[in-house]
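Commentary on secondary and tertiary structure
Read off the chains here:
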Amino acid sequence: NAGVTQTPKFQVLKTGQSMTLQCAQDMNHEYMSWYRQDPGMGLRLIHYSVGAGITDQGEVPNGYNVSRSTTEDFPLRLLSAAPSQTSVYFCASSYSFRQARDQPQHFGDGTRLSIL
Amino acid sequence: SQQGEEDPQALSIQEGENATMNCSYKTSINNLQWYRQNSGRGLVHLILIRSNEREKHSGRLRVTLDTSKKSSSLLITASRAADTASYFCATDFTGANSKLTFGKGITLSVRP
């Protein structure tokens, strides 16, 4: 099993450009989420999904869009990149959320994004 | 903010010593989890402790939870240089919609 795969690993964008960060998991996990990690801020939840076709906003959703058409994939779209979105983005998944034994999150290795 | 707060922010110890890290939170929880992050990598789950549990062990790791004080501790015994990493507590708050809230993390350095 590959676990959680994020692509690309690095990306540089210009202000105003759009792009999609890809996240795929091969563990048949229902729950998937996106976080951003900034120095001194810890991880902040952007969007999450409890299953295919269901998404919801996290703590910092503005400027980002998500969809969940399949169990495996949960792409994150930046609609119009801004320098404030320079960050490291992590995708995570778990089998479920409310069943504590299944809740531990599996993380990808992140996408390092710079907006100029 | 409901974010858990870790303490201290940074910790430097000698190999072989024990490392104790603390996490405090403000509202009731379903469970609390600890994660480790090595430099340049994603987070790795260490231990999950439920609100009705007081202590859990996993190898050299010991986690305690005191719901009356709204705090948790992670103890790493006989530390190794390989334990050098950032450690995060994450809380599943009661009433929150399927969200884990992470703290800002503790940077642990273990000197050989």
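See the structure printed just above.
Keep in mind the model is a prediction, meaning the values are calculated, not measured. (Residues numbered from 1 in each chain as written. Chains lettered and ligands numbered in written order. Predicted model: local features only at pLDDT ≥ 70, side-chain atom pairs only at ≥ 80, totals over all residues. Heavy atoms only, no water.)

1. Re the overall build of chain B
- Scanning chain B from terminus to terminus reveals zero helices and eleven strands.
- Counting from the amino terminus, helix and strand elements in chain B follow one another as β-β-β-β-β-β-β-β-β-β-β.
- A compact globule built from 112 residues would reach a C-alpha radius of gyration of about 13 Å, and chain B, at 13 Å, matches this within 12%.
- Here the C-alpha coordinates of chain B stretch approximately 45 × 30 × 20 Å along the principal axes. (Helix = DSSP H or I, 4+ residues; strand = E, 2+ residues; numbered from the N terminus. Rg over C-alpha atoms; globule rule 2.2 N^0.38 Å.)

2. Some remarks on the nonpolar core
- Counting 25 residues, the largest nonpolar core has M21, L32, W34, L74, I76, Y87 and L108 of chain B as its most contacted members.
- Elements with a contribution of two residues or more to this core: β2 (10-14), β3 (19-24), β4 (29-37), β5 (43-50), β7 (61-66), β8 (71-76), β9 (85-93) and β11 (106-111) of chain B.
- Here the element with the most residues in this core is β9 of chain B; it accounts for four residues.
- Counting residues in hydrophobic clusters, the runner-up holds 19 residues, among them L13, I46, F74 and L113 of chain A. (Core = buried A, V, L, I, M, F, W, Y, C linked by side-chain atoms within 4.5 Å. Buried < 20%, exposed > 50% of the residue type's maximum accessible area, 1.4 Å probe, protein only.)

3. Thoughts on the state of the cysteines
Residue and element names in this part refer to chain A.
- This structure, assessed with the given rule, holds two disulfides over all chains.
- With a sulfur-sulfur separation of 1.9 Å, C23 is cross-linked through a disulfide to C91. Its torsion about the S-S bond being -70 degrees, the disulfide of C23 and C91 is classed as left-handed. You can see C23 sitting in strand β3 (residues 19-25) and its partner C91 sitting in strand β9 (residues 87-94), a full 68 residues away along the chain.
- Classification of C23 by relative accessible area gives buried; the value is 1%.
- Classification of C91 as buried rests on a relative accessible area of 0%. (Disulfide = S-S within 2.5 Å.)

4. Looking at the sheet that holds strand β7 (residues 64-66) of chain A
Residue and element names in this part refer to chain A.
- Read across the sheet, four strands follow the order β1-β3-β8-β7 without closing on themselves; strand pairing throughout is antiparallel. The open sheet has two edge strands with one neighbour each: β1 (4-7) and β7. Pairwise comparison of adjacent strand axes, ignoring direction, gives a mean angle of 20 degrees for this sheet. (Pairing = 2+ DSSP bridges. Axes fitted to C-alpha atoms, helices over the stretch in contact; angles between N-to-C directions.)

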